[in-house]
Number of protein chains: 2
Amino acid sequence: MDELFVTTVVTSWKQIVNRLDERLASLDNEQLQKQIAPNRNRLFYLLGHLTVVHDRMLPLLGIGERLHPELDEAYLTNPDQTLSDPLSVPDLKKAWSEVNAAITSAVEKFSVDDWLKKHTAVSDEDFSKNPTRNRLAVFLNRTNHTSFHTGQIALAK
Amino acid sequence: MDELFVTTVVTSWKQIVNRLDERLASLDNEQLQKQIAPNRNRLFYLLGHLTVVHDRMLPLLGIGERLHPELDEAYLTNPDQTLSDPLSVPDLKKAWSEVNAAITSAVEKFSVDDWLKKHTAVSDEDFSKNPTRNRLAVFLNRTNHTSFHTGQIALAK
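Residues numbered from 1 in each chain as written. Chains lettered and ligands numbered in written order. Predicted model: local features only at pLDDT ≥ 70, side-chain atom pairs only at ≥ 80, totals over all residues. Heavy atoms only, no water.

Our focus in this paragraph is the confidence of the model for chain A. Per-residue pLDDT for chain A has a mean of 96; in total, 99% of the residues score no lower than 70. What the predictor reports for the complex is a pTM of 0.97 with an ipTM of 0.96. (pLDDT = per-residue confidence, 0-100.)

Quick look at the structure:
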């Protein structure tokens with residue numbers, strides 16, 4: 001029973017990531033350099049941003065070291081078009097896939113207890129006051145964050 | 001333990017709906033009539049669309065009759081600007097809040113068993129083959145659907 005609950009949550013994550021992957025697969029390199037709307041982020045920036053945020057889930061969920069900390073400056077610390085893109089389109093797509101594969105592989109092994117442990121950015125004291133600040137909360141938040149930007153990427157023509 | 005898992009899921013839903021409510025509260029009636037990007041849906045249409053989709057969660061999750069079936073034609077069956085808006089801005093905002101309140105109130109009473117029951121749009125046979133087609137899956141899907149359109153609404157200036 002518990003297992004089914006957990007499987008449903010991980011299935012939702014996979015669906016959201018897969019839907020974005022399908023959209024990305026239909027866009028060529030030129031389209032990825034376009035802005036989602038006038039004076040807004042480029043699709044490529046959003047892909048970099050999502051890669052950074054997912055990469056940071058590895059230490060946050062306590063499942064591993066970061067794979068691509070070199071992307072933070074370009075896609076998290078700074079707004080779009082401040083710095084040049086550190087990776088090519090195929091290399092960024094590869095990083096995106098690697099990071100998601102690492103997360104999926106780790107969380108598929110999580111028990112219900114694992115999901116309810118605190119994430120690493122909350123203190124023991126804060127967690128004891130609010131036990132919903134757990135790994136599941138981070139995972140659901142990041143799944144919704146991916147959906148948020150997928151909605152923007154879907155506007156690309 | 002089970003209870004905490006369920007609380008975390010419902011907390012995530014509330015956060016996503018609240019974030020959209022905060023954005024909507026900062027927009028006046030004129031801004032709601034604007035398109036999110038050139039030749040794209042108006043914000044008001046997206047609010048109508050989300051209200052319809054959430055309203056349909058009531059029968060889908062087996063928690064009640066629909067409250068606003070009169071919105072389907074304008075915001076689900078037809079694209080934006082095909083039909084005139086059936087409700088004023090305050091009335092649509094009220095419908096949106098009513099529907100979400102009904103969902104939240106019902107799911108807060110769900111046990112783990114309730115979450116893992118089949119939703120009403122899947123047959124017994126299909127559900128027995130794939131038990132992840134449960135109410136939790138619908139709930140996570142719709143939470144992400146709200147995030148998808150919130151990302152678009154966030155582009156409004």
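Once the structure has been displayed, the description carries forward.
Another point: helix α3 (residues 43-55) of chain B. Taking 1.5 Å of rise per residue, 13 residues should cover 18 Å, and α3 of chain B covers 18 Å from first to last C-alpha, within 8% of that figure. Along α3 of chain B, 13 of the 13 residues are buried, which leaves the element largely enclosed by surrounding structure. (Helix = DSSP H or I, 4+ residues; strand = E, 2+ residues; numbered from the N terminus. Expected span 1.5 Å × (residues − 1). Buried < 20%, exposed > 50% of the residue type's maximum accessible area, 1.4 Å probe, protein only.)

The next point concerns the interface of chain A and chain B. Taken together, the 39 residues of chain A in the interface contact 39 residues of chain B. Summed over both sides, the interface of chain A with chain B buries roughly 3,200 Å², with 69% coming from carbon and sulfur. Three residues, Phe-5, Asn-144 and Leu-155 of chain A, lead the burial of chain A against chain B; their summed loss comes to 21% of the area buried on that side. Run the count over chain A and chain B and you get nine residue pairs in polar contact (both at pLDDT 80 or more). The set of elements that each furnish at least two residues to the side of chain A that touches chain B consists of α1 (2-25), α7 (112-115) and α9 (135-153) of chain A. Grouping the constituent residues of the side of chain A that touches chain B by class yields 20 nonpolar, 13 polar and six charged. (Contact = heavy atoms within 4.5 Å. Buried area = accessible area lost by both parts, 1.4 Å probe. Polar contact = N/O pair within 3.5 Å; in protein donor to acceptor, adjacent residues only side chain to side chain. Nonpolar A, V, L, I, M, F, W, Y, C, P; charged D, E, K, R; others polar.)

Before going further, it helps to spend a moment on unusual backbone geometry. Residue and element names in this part refer to chain B. Although it is not a glycine, Asn-39 adopts a positive phi angle of roughly 60 degrees. Residue placement: Asn-39 occurs in the loop between α2 (29-32) and α3. Looking at Asn-39, the relative accessible area reads 68%, which means it is exposed. Even without being a glycine, Gln-81 presents a positive backbone phi close to 65 degrees. By the secondary structure assignment, Gln-81 is in the loop between α5 (72-77) and α6 (89-107).

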